[in-house]
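# Remarks on the overall topology
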Amino acid sequence: MNGNVRPDTMERITTKELADKFIAEQIADVRAQVGDKKVLLALSGGVDSSVVAALLIKAIGKQLVCVHVNHGLMRKGESEQVIEVFGKELDANLIYIDATDRFLDLLKDVAEPEKKRKIIGGEFIKVFDEEAAKLEGIDFLAQGTIYPDILESDGVKAHHNVGGLPEDMEMELVEPVKLLYKDEVRVVGSALGLPDEMVYRQPFPGPGLGVRCLGAITRDRLHALREADAILREEFDKCGLAGKVWQYFIAVPDFKSVGVRNDKRYEGWPAIIRAVNTTDAMTATIEEIPYDVLHKITARITAEVEGINRVLLDLTPKPVGTIEWE
C-alpha cells in the first residue's frame with residue numbers, strides 16, 4: 001500500500017478517544033522509525049507544525065530538535081507563545097532565532113508583493129539551513145505535512161514548512177499527520193493538550209504580516225499593523241465572532257490621510273478590516289459584523305494605535321477579491 005494514500009477504512013478522527021488511539025499508534029511508529037536518532041523540525045507556531053512537535057515530544061522527547069525562526073512578521077504574541085508552550089511547558093529541545101532585523105533589512109524599500117514573498121521564503125530557508133548545519137547527528141526531518149498537501153501536490157510536497165533542503169542534507173522524513181485532514185489535526189492537538197488558541201489558530205500566510213503591511217514594509221507601519229490586528233482579534237474573541245469567522249485580519253496600506261487628534265490635524269494610515277468565511281478557500285463570503293462591534297474596534301484602534309487614524313471595512317467577496325490583499 002502506498003504510504004501517501006489514506007485507506008478507505010480509516011475512520012475520521014472526531015473524538016478524543018479516536019485521537020488518543022491515533023497518538024498511541026504514531027508514537028509506536030515514530031519510535032520504530034527513529035530509534036535513538038535525532039529529528040529536526042521547523043516549528044512555525046502554526047497548527048500543523050505545533051501538533052507534530054507535541055506528538056514527537058511525547059514519542060521521543062529531547063531527540064526532537066525544534067527550530068523556531070521569528071522573521072519579525074509574526075502576529076502579536078505568537079513567537080512568545082511558541083517559547084512558552086514548547087520551551088517551558090513541554091520542555092522541548094527548542095532553538096529560538098530572532099531574525100527580525102535580518103528580514104526587515106532585506107525587505108527595506110521592496111514594494112512588489114511577489115518579490116517580498118520570495119525574499120521572506122528564501123531567507124527563511126537560509127536561516128533554517130544555517131541552524132541545521134550547526135547541529136550534529138541529525139538523521140530525520142519532521143514536517144507538518146497533512147493530507148490536503150499530498151492531494152494538492154500529487155504526492156510530492158514542496159517542503160512548505162522548510163521551503164527547501166540543502167542538497168547535502170540526506171534526511172529521512174517523519175510526517176506523523178500526513179494522512180489527516182485539518183479538522184482531525186485540531187482534534188489530535190487538543191488531545192495532546194495544546195492550548196486552544198494554537199490548535200484553532202487561523203490560517204496565516206507564510207510571509208505573515210509581510211503581505212498585510214502593503215507595499216514597502218517599514219518598522220513603524222508594521223508595528224501599527226501588529227497592534228491593530230491584536231485589537232481586532234481581542235474584540236472578535238469577546239463578542240463570539242472568533243469561532244464563527246474563518247479568517248479575519250487587518251491590512252495597512254502605504255498611504256496616509258489627514259485626521260484630528262487632540263484638536264490638531266495629523267496624518268495617519270488607514271487600517272482595513274477583512275473578515276471572510278469559506279469552506280475551501282477557493283471562494284469566500286463576507287461575514288456580517290454588528291455595527292456596535294465595528295464602532296468599538298474603530299474607537300480602540302484609533303485611540304490605542306500610534307499612526308492609524310481611520311478604520312475601513314473590506315466588503316469584497318472572493319471572487320472578485322482574493323482573501324489576502326497582496
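Here, the structure is the one placed above.
Summary of the structure given here. (Residues numbered from 1 in each chain as written. Predicted model: local features only at pLDDT ≥ 70, side-chain atom pairs only at ≥ 80, totals over all residues. Heavy atoms only, no water.)

With that settled, consider the overall build of the chain. When you go through the chain residue by residue, the secondary structure sums to 10 helices and 10 strands. Relative to the compact-globule value of 20 Å for 326 residues, the chain shows a C-alpha radius of gyration of 21 Å, a close match. Each principal axis of the C-alpha distribution contributes one length, and for the chain these read about 70 × 40 × 35 Å. Counting every position in the chain, which comprises 326 residues, the buried fraction comes to 51%. Put simply, 76% of the contacts in the chain that link residues at least 6 apart link residues at least 24 apart. Looking at the chain as shown, the accessible area adds up to about 15900 Å², and 53% of this sits on carbon and sulfur atoms. Each charge class in the chain can be summarised by its mean position, and for the 41 positive and 55 negative side chains these summaries are 4 Å apart. (Helix = DSSP H or I, 4+ residues; strand = E, 2+ residues; numbered from the N terminus. Rg over C-alpha atoms; globule rule 2.2 N^0.38 Å. Buried < 20%, exposed > 50% of the residue type's maximum accessible area, 1.4 Å probe, protein only. Contact = heavy atoms within 4.5 Å. Areas by Shrake-Rupley, 256 points an atom, 1.4 Å probe, with all protein chains shown as cover. Lys, Arg positive; Asp, Glu negative; His and termini not counted. Charge placed at Lys NZ, Arg CZ, Asp CG, Glu CD.)

Here we come to the pattern of salt bridges. As enumerated under the stated definition, the model contains 28 salt bridges in all. Here D20 makes a salt bridge to K16, at a shortest N to O gap of 2.8 Å. Of the two residues, D20 and K16 are both situated in helix α1 (residues 16-34); the distance of four residues between them amounts to about one turn of the helix. Close ionic contact of E78 with R75 constitutes a salt bridge, the shortest N to O distance being 3.1 Å. Per residue, the accessibility class of E78 equals that of R75, and both read buried. What you see here is one network of salt bridges that share partners, running through E234, E235, K238, K296, R300 and E304. (Salt bridge = Lys/Arg side-chain N within 4 Å of Asp/Glu carboxyl O.)

What follows covers the sheet that holds strand β3 (residues 93-98). Across the sheet, which stays open at both edges, the five strands sit in the order β3-β2-β1-β4-β5 with parallel pairing between neighbours. Among the strands making up the open sheet, the edge pair consists of β3 and β5 (172-174). Looking at each pair of strands side by side, their axes are set apart by 30° on average, direction ignored. Strands in contact with helix α3 (residues 78-89) are β2 (64-70) and β3; relative to β3, the strand with the most contacts, it is inclined by about 165°. (Pairing = 2+ DSSP bridges. Axes fitted to C-alpha atoms, helices over the stretch in contact; angles between N-to-C directions.)

Moving on to the pairing of β2. Buried residues dominate β2, accounting for seven of its seven residues. Side-chain alternation along β2 places L64, C66, H68 and N70 on one buried face and V65, V67 and V69 on a second face that is also buried. Alignment of strand β1 (residues 38-42) against β2, held across four bridges, turns out to be parallel. Within β2, the residue paired with V39 across the bridge is L64. As paired strands, β2 and β3 are joined by six bridges and run parallel to one another. Within β3, the position partnered with V67 by the bridge is I95. A crossover links β2 with its parallel partner β3, the connecting element being α3, and its sense is right-handed. (Right-handed = clockwise from strand over helix to strand, strands pointing away.)

Once that is clear, we can look at α3. Taking 1.5 Å as the rise per residue, α3 with 12 residues should run 16 Å; its terminal C-alpha atoms sit 15 Å apart, in good agreement. Taken together, the buried positions of α3 are occupied by E78, S79, Q81, V82, V85 and F86. Here the buried residues of α3 occupy an arc of 160° about the axis, which is enough to place them on one side. Projecting away from the buried face of α3 at angles above 90 degrees are the exposed residues E80, K88 and E89. Phi turns positive one or two residues past the end of α3, at D91, with a value near 50°. (Expected span 1.5 Å × (residues − 1). Arc of directions from axis to C-beta.)

What follows is about the nonpolar core. In this structure, L40, F236, I250 and I301 are the most contacted members of the largest nonpolar core, which totals 49 residues. Core analysis: the second largest hydrophobic core is formed by 40 residues, L56, C66, V177 and V199 among them. (Core = buried A, V, L, I, M, F, W, Y, C linked by side-chain atoms within 4.5 Å.)

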